[in-house]
Amino acid sequence: MNNSFFALAFRMKYINRWGLMHSVRYETLSEHCADTAILAHALAVIGNKIFGKNYDADRVMTLAMYHDMCEVYTGDMPTPVKYSSIEMKNVYKEIERLSCEKILSKLPDVLRGEYEAILKPNEKDAEYEVLVKAADKLSALLKCIEEKHMGNPEFDSAYNSTIESINKNPCEELKYFMENFLDSFTLTLDEM
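On a predicted model such as this, the values are computed, not experimentally measured, just so you know.

Reading the values: rules and limits
Residues numbered from 1 in each chain as written. Predicted model: local features only at pLDDT ≥ 70, side-chain atom pairs only at ≥ 80, totals over all residues. Heavy atoms only, no water. Core = buried A, V, L, I, M, F, W, Y, C linked by side-chain atoms within 4.5 Å. Buried < 20%, exposed > 50% of the residue type's maximum accessible area, 1.4 Å probe, protein only. Helix = DSSP H or I, 4+ residues; strand = E, 2+ residues; numbered from the N terminus. Contact = heavy atoms within 4.5 Å. Patch = residues over 30% accessible without salt bridge, like charges linked within 9 Å, V, L, I, M, F, W, Y side chains within 5 Å. Areas by Shrake-Rupley, 256 points an atom, 1.4 Å probe, with all protein chains shown as cover. Salt bridge = Lys/Arg side-chain N within 4 Å of Asp/Glu carboxyl O. Polar contact = N/O pair within 3.5 Å; in protein donor to acceptor, adjacent residues only side chain to side chain. Expected span 1.5 Å × (residues − 1). Arc of directions from axis to C-beta. Phe/Tyr/Trp six-rings, centres within 6.5 Å; stacked < 30°, edge-to-face > 60°.

Q: Whenever I open this one, the nonpolar core confuses me. Can you help?
A: The nonpolar side chains of a soluble globular protein tend to be buried with one another. Counting 44 residues, the largest nonpolar core has Phe5, Met69, Leu119, Leu138, Leu141 and Met178 as its most contacted members. At the level of secondary structure, the elements contributing two or more residues to this core comprise α1 (5-9), α2 (29-51), α3 (57-65), α6 (86-104), α7 (109-119), α8 (126-149), α9 (156-168) and α10 (172-181). Among the elements that line this core, the one with the most residues is α8, at nine residues. The residues contacting Leu138, other than those within four sequence positions of it, are Leu39, Ile166, Leu174, Phe177, Met178 and Leu182. Formed by five residues, the second largest nonpolar core is a distinct cluster that contains Trp18, Ala140, Cys144 and Phe155.

Right under this line is the structure:
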């Protein structure tokens, strides 16, 4: 058996995101997943402490850390391409599923179930997936803010569409984060 699951996970650092756009600073899949995990954990804690929810913040963080691991094989498909049509979206979902299966096959059987529950969350994780998707969108917004702050107009349209998507999202934890923490991402280190 080829036990290369963890070696594949460490290859996320070689996958660049935002492939169709000029970036002042490249973002790797590895750092995106780490950022998304931090944000998802924050949303879960906000849910628990502010809104009286009972999220397992560690589970949310773990799901977020691995949420794009299948892209080790697929690369980061640009959003305008991935969602250009229902057919394209469905084909890409199948490609992601096959990539996930291939990655899971790189584990010994005794470990596979543990990681399958992370890479292929079930219905009991549905509320956590909402937080992971919100954190993923928030991570994209923060990348847009960073690029715009460095004078890169390439991210203007992505910023606008991401803000629009976030504003339509009913996740109260996301709204709380936006209202209470977003402004600090434009501060310099000396201003923090």
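Having put the structure on the table, let's press on.
Q: I'm lost on a nonpolar patch on the surface in this one. Help?
A: On the surface, a nonpolar cluster with roughly 280 Å² of combined accessible area is contributed by Phe6, Val110 and Leu111. In this fold, Phe6 is placed in helix α1.

Q: Honestly, the side chain of Ser99 in this entry has me stumped. Any pointers?
A: Assignment of secondary structure puts Ser99 in helix α6. The buried category is assigned to Ser99, whose relative accessible area is 4%. Engagement of the side chain of Ser99 in a polar contact is seen with the backbone oxygen of Cys70, the distance being 2.7 Å.

Q: Would you mind going over the environment of Ala126 with me for this structure?
A: Relative to the assigned elements, Ala126 resides in helix α8. Using a relative accessible area of 42% as the deciding quantity, one classes Ala126 as partly exposed. With 49 residues separating them in the primary sequence, Ala126 and Met77 have C-alpha atoms 24 Å apart.

Q: Is there a simple way to explain α9 in this structure?
A: Counting along an α-helix, one turn takes 3.6 residues, and residues three or four places apart therefore face a common direction. The end-to-end C-alpha distance of α9, which contains 13 residues, comes to 19 Å, matching closely the 18 Å that a straight helix rising 1.5 Å per residue would cover. Among the residues making up α9, those that are buried are Ala158, Thr162, Ile163 and Ile166. Within α9, the buried residues cover an arc of 130 degrees as seen down the axis, which keeps them to one side. Opposite the packed face of α9, turned more than 90 degrees from it, sit the exposed residues Ser157, Asn167 and Lys168. Close packing links the buried residues of α9 with α8 and α10.

Q: When you look at the packing of aromatic side chains in this model, what are you seeing that I'm missing?
A: Aromatic rings considered in pairs are described by the distance between their centres and by the relative angle of their planes. Evaluation of the coordinates by the stated rule reveals 10 aromatic pairs. Pairing Phe5 with Phe6 gives two aromatic rings, centres 5.0 Å apart and planes at 85 degrees, and the pair type is edge-to-face. When its relative accessible area of 37% is taken as the criterion, Phe6 is described as partly exposed. Residues Tyr66 and Tyr115 carry aromatic rings whose centres are separated by 6.0 Å and whose planes lie at 65 degrees to one another, so their mutual orientation is edge-to-face. Placement of the pair is Tyr66 in the loop between α3 and α4 (71-74) and Tyr115 in helix α7, with a sequence separation of 49 residues.

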